[in-house]
Amino acid sequence: MQTKKLVLTLSVTLAVFAVGAVGLCAQTPTNGQANALKVKEDKLPIVNFDAPGPGDANDKARRNAKGKRFNDRLLVAEPQPEAGAKGILDSWMQSLPALPVAASDAIVVGEITNAQAYLSPDKTGVYTEYTVRVDEVLKQSSAAPVASGGLVEAQREGGRVRFPSGRVQSYVTHYQGVPVTGQKYVLFLKRNEQADVFIILTGYEQRDGKVYPLDGVDLPQGASELPQFAAYKGVDDATFSKDLRGALARRE
């Protein structure tokens with residue numbers, strides 16, 4: 001799968017997902033819905049809407065290249081006081097396999113060491129860039145080499161925006177979770193060739209000898225979990241590793 005094709009797939013975002021006054025949920029959210037969304041929101045880093053961009057022209061060009069694919073997606077704007085979290089529904093997550101080995105340019109095991117939110121160049125989108133310290137490389141390509149012990153940057157749409165009024169608005173993607181700084185993950189990454197940065201397709205948190213899907217589970221009450229990811233919820237590391245390495249071997 002080429003990066004350009006993936007970007008087009010990621011852009012299938014015709015449905016707006018929101019909890020509160022706008023979006024797919026027209027009714028008042030239940031406590032369960034509100035709590036599940038609140039947990040997700042609290043993990044998102046914050047960027048100031050009026051924060052100045054890079055002063056150096058080269059740094060500005062690089063940041064614009066990394067962020068331009070997020071233009072016109074989440075429609076970032078000062079919300080009404082009653083509005084809840086705002087976001088998008090990307091249908092591609094529903095068809096993504098639990099172990100997207102073929103679609104990944106790199107598969108790594110590592111710790112998230114930093115998370116920083118950025119606005120897209122036209123300030124209509126927001127995304128988070130994660131720094132990953134790589135402990136193990138399970139797959140890579142010659143076009144995007146990854147070194148064990150090194151750092152890689154990986155993007156995921158969403159973040160919190162603080163407006164000049166002081167209001168902080170959350171922007172999320174339905175089905176997608178939020179990686180947490182300090183936690184260890186198995187990450188499936190796709191390279192964005194135009195920006196020379198990785199996109200997080202999906203991932204699994206490693207915790208207490210088990211794995212927990214980053215995506216498709218622990219959704220607001222009433223939303224159905226994606227079965228391909230839910231199947232690995234709380235599975236022990238050894239079983240997950242065996243399945244993943246088997247999937248990698250079949251691709252060789």
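Relevant structure appears above.
In this text, all values refer to a predicted model and were calculated from it rather than measured experimentally.

Criteria and thresholds
Residues numbered from 1 in each chain as written. Predicted model: local features only at pLDDT ≥ 70, side-chain atom pairs only at ≥ 80, totals over all residues. Heavy atoms only, no water. Helix = DSSP H or I, 4+ residues; strand = E, 2+ residues; numbered from the N terminus. Buried < 20%, exposed > 50% of the residue type's maximum accessible area, 1.4 Å probe, protein only. Contact = heavy atoms within 4.5 Å. Areas by Shrake-Rupley, 256 points an atom, 1.4 Å probe, with all protein chains shown as cover. Polar contact = N/O pair within 3.5 Å; in protein donor to acceptor, adjacent residues only side chain to side chain. Core = buried A, V, L, I, M, F, W, Y, C linked by side-chain atoms within 4.5 Å. Expected span 1.5 Å × (residues − 1). Arc of directions from axis to C-beta. Salt bridge = Lys/Arg side-chain N within 4 Å of Asp/Glu carboxyl O. Pairing = 2+ DSSP bridges.

1. What to know about the overall build of the chain
Here's step 1: Counting its secondary structure elements, the chain contains six helices and twelve strands.
Here's step 2: Going through the 252 residues of the chain one by one, you find that 48% of them count as buried.
Here's step 3: By sequence separation, contacts in the chain at least 24 residues apart represent 70% of the contacts at least 6 residues apart.
Here's step 4: Here the chain has roughly 12,000 Å² of accessible surface; of this, 50% comes from carbon and sulfur atoms.

2. Re the environment of D218
Here's step 1: The topology assignment puts D218 in the loop between β11 (210-213) and α5 (227-230).
Here's step 2: With 41 residues separating them along the chain, D218 and G177 place their C-alpha atoms 8.7 Å apart.
Here's step 3: Every residue in contact with D218, bar those within four places of it in the chain, is listed here: E225 and K233.
Here's step 4: Among the polar contacts listed, one links the side chain of D218 to the side chain of K233, at a separation of 2.9 Å.

3. Remarks on the nonpolar core
Here's step 1: Of all hydrophobic cores here, the largest spans 27 residues; its most connected members are V101, I107, F188, Y204, F240 and L244.
Here's step 2: Of all the secondary structure elements, the ones that give two or more residues to this core are α4 (92-95), β4 (106-119), β9 (184-192), β10 (197-207) and α6 (237-251).
Here's step 3: Looking at which element gives the most residues to this core, the answer is α6, with four residues.
Here's step 4: Judged by nonpolar contacts, the second largest core, of 21 residues, contains A85, V108, A154 and L187.

4. Remarks on the side chain of Q155
Here's step 1: Relative to the helices and strands, Q155 resides in strand β6 (residues 151-157).
Here's step 2: A residue is classified by how much of its surface remains accessible, and Q155, at 0% relative accessible area, is buried.
Here's step 3: A distance of 3.0 Å separates the side chain of Q155 from the backbone oxygen of K66, its partner in a polar contact.
Here's step 4: If we skip the residues at most four places from it in the chain, Q155 touches K66, R69, F70, Y127, T128, E129, V197, F198, I199 and I200.

5. Digging into α6
Here's step 1: Compared with the 21 Å implied by 1.5 Å per residue over 15 residues, the 21 Å span of α6 between its first and last C-alpha is a close match.
Here's step 2: Buried within α6 are the following residues: F240, L244, A247 and L248. Along α6, the residues classed as buried sweep out an arc of 100° about the axis, all on the same side. Facing away from the buried side of α6 by over 90 degrees, the exposed positions are A238, K242 and R250.
Here's step 3: Elements that come into contact with the buried residues of α6 comprise β4, β5 (126-139), β9, β10, β11 and β12 (235-236).

6. Focus: the pattern of salt bridges
Here's step 1: Applying the stated rule across the entire model yields 16 salt bridges.
Here's step 2: The residue R207 makes a salt bridge to E205 at a minimum N-O spacing of 3.0 Å.
Here's step 3: Look at E205 and you get buried, because its relative accessible area is 14%.
Here's step 4: In the salt-bridge network here, residues are joined through shared partners; they are R63, K66, E129 and E153.

7. Overview of the pairing of β11
Here's step 1: Along β11, the buried face is formed by V211 and P213; none of K210 and Y212, which line the opposite face, is buried.
Here's step 2: Direction of pairing for β10 relative to β11: antiparallel, over a ladder of four bridges. For R207, the partnering residue across the bridge sits in β11 and is K210.
Here's step 3: Where β10 folds back onto β11 in an antiparallel hairpin, the turn is made up of two residues, including D208, whose phi is positive at roughly 55°.
Here's step 4: The pairing of β11 with β12 spans two bridges and is classified as antiparallel. Counted as the bridge partner of V211 is V235 from β12.

8. What about helix α3 (residues 57-67)?
Here's step 1: Inspection of α3 places R63, K66 and G67 among the buried residues, and these make up the whole buried set. One side of α3 holds all its buried residues, which, seen down the axis, span an arc of 90°. Facing away from the buried side of α3 by over 90 degrees, the exposed positions are A57 and N58.
Here's step 2: Where α3 is buried, its residues contact β4, β5 and β6.

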